[in-house]
Amino acid sequence: MRKKEREITDRSVLEELLRRCRVCRLGLYDGAWPYVVPVNFGYANGCIYFHSSYKGRKMDILRDHPRVCFEVDLEVELVTGERPCDYTTNYKSVIGFGQAKLLEDDEAKLEGLRVILRNHGGPTEGFRPEVLPKTAVIRITIESMTGKSNPPHQDWE
C-alpha cells in the first residue's frame with residue numbers, strides 16, 4: 001500500500017468493518033474476463049457468506065474458478081473545496097482474497113443464511129423448508145485482507 005498511514009492491519013478492526021457493511025463486491029475471473037458483482041452478505045469466524053440462485057454467470061464462474069477477491073466500503077463521503085485539488089473522498093474499506101465453496105449440507109446452508117440475516121438485523125429462524133433446496137449458499141474462507149481509511153485513523157495500527 002502506497003500510503004501506509006491509511007492502512008488498517010488490525011484484524012479485529014477489519015472484522016468490525018465487515019460486520020458493519022451490507023454489500024460486498026465480489027471480483028471473479030472466468031479465465032477470459034474479470035467480473036464484479038455486488039452481493040448481500042454476512043461475516044463470521046473468518047468467512048463471508050452470501051446466497052444466490054444456482055443459475056447465472058456468478059455461479060458458473062465460481063464452480064470453475066473458486067478463487068475470489070472481495071471489497072467492502074462504508075462511511076463514504078465526498079469532501080468538496082474551492083479548487084479541484086481540494087476534493088477528496090473519506091471512506092473506510094476492506095479488500096481481501098479467499099476461496100469460495102458451495103455449501104451442500106442443509107445445516108451448513110442454514111447457518112450461512114443465519115450469518116447473513118444477523119448481519120442485516122433480520123430473523124434467524126423460520127426459513128421455509130421448500131426454499132432451502134433452491135437456494136445456493138456460498139462460504140468464502142478469507143485467506144488475506146487489508147483495510148484502508150481516509151482520513152487515517154490514529155488507533156488503527
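The coordinates are above.
Anyway, here's the lowdown on the structure attached to this text. Everything numeric in this text was worked out from a predicted model, so none of it was measured. (Residues numbered from 1 in each chain as written. Predicted model: local features only at pLDDT ≥ 70, side-chain atom pairs only at ≥ 80, totals over all residues. Heavy atoms only, no water.)

### Notes on the environment of Glu130
Heads up, the condition is: Runs of E in the DSSP output that reach at least two residues are strands. Runs of H or I that reach at least four are helices, and both are numbered from the N terminus. Any pair of N or O atoms that falls within 3.5 Å is considered a polar contact. Within protein, one atom must be able to donate a hydrogen and the other to accept it, and sequence-neighbouring residues count only if both atoms are side-chain atoms.
In this structure, Glu130 sits in the loop between α3 (106–119) and β8 (136–150). C-alpha of Glu130 to C-alpha of Leu18: the two residues are 112 residues apart in sequence and 30 Å apart in space. A polar contact of 3.1 Å, which involves the side chain of Glu130, links it to the side chain of Arg128.

### Concerning the pattern of salt bridges
Put simply, the test is: The rule for a salt bridge is simple: a side-chain nitrogen of Lys or Arg has to be within 4 Å of a carboxyl oxygen of Asp or Glu. Think of it in three bands: residues with accessible area under 20% of the maximum for their type are buried, residues over 50% are exposed, and the middle band is partly exposed, with areas taken using a 1.4 Å probe on protein chains only.
Using the criterion set out here, one finds 13 salt bridges in the structure. Of the charged contacts in the structure, one is a salt bridge between Glu71 and Arg25, with a shortest N-O distance of 3.0 Å. Of the two residues, Glu71 sits in strand β6 (residues 67–79) while Arg25 sits in strand β2 (residues 23–29), which places them 46 residues apart along the sequence. For Arg25, a relative accessible area of 31% gives the class partly exposed. Close ionic contact of Glu125 with Arg114 constitutes a salt bridge, the shortest N to O distance being 3.1 Å. In this pair, Glu125 sits in the loop between α3 and β8 while Arg114 sits in helix α3, placing the two residues 11 residues apart along the sequence. Residue Glu125 is classed as exposed on the basis of its relative accessible area, which comes to 56%. In the salt-bridge network here, residues are joined through shared partners; they are Glu111, Arg114, Arg118 and Glu125.

### Re the pairing of β2
Which entries qualify depends on this criterion: Two strands are said to pair when DSSP picks up at least two bridges between them.
Residue alternation in β2 divides its side chains into a buried set, Cys24, Leu26 and Leu28, and an unburied set, Val23, Arg25, Gly27 and Tyr29. When β2 meets strand β3 (residues 34–40), the two strands line up antiparallel, connected through seven bridges. Paired with Gly27 across the bridge in β3 is Val36. A loop of four residues connects β2 with β3, the two strands running antiparallel in sequence, and Gly31 in this loop sits at a positive phi of about 100°.

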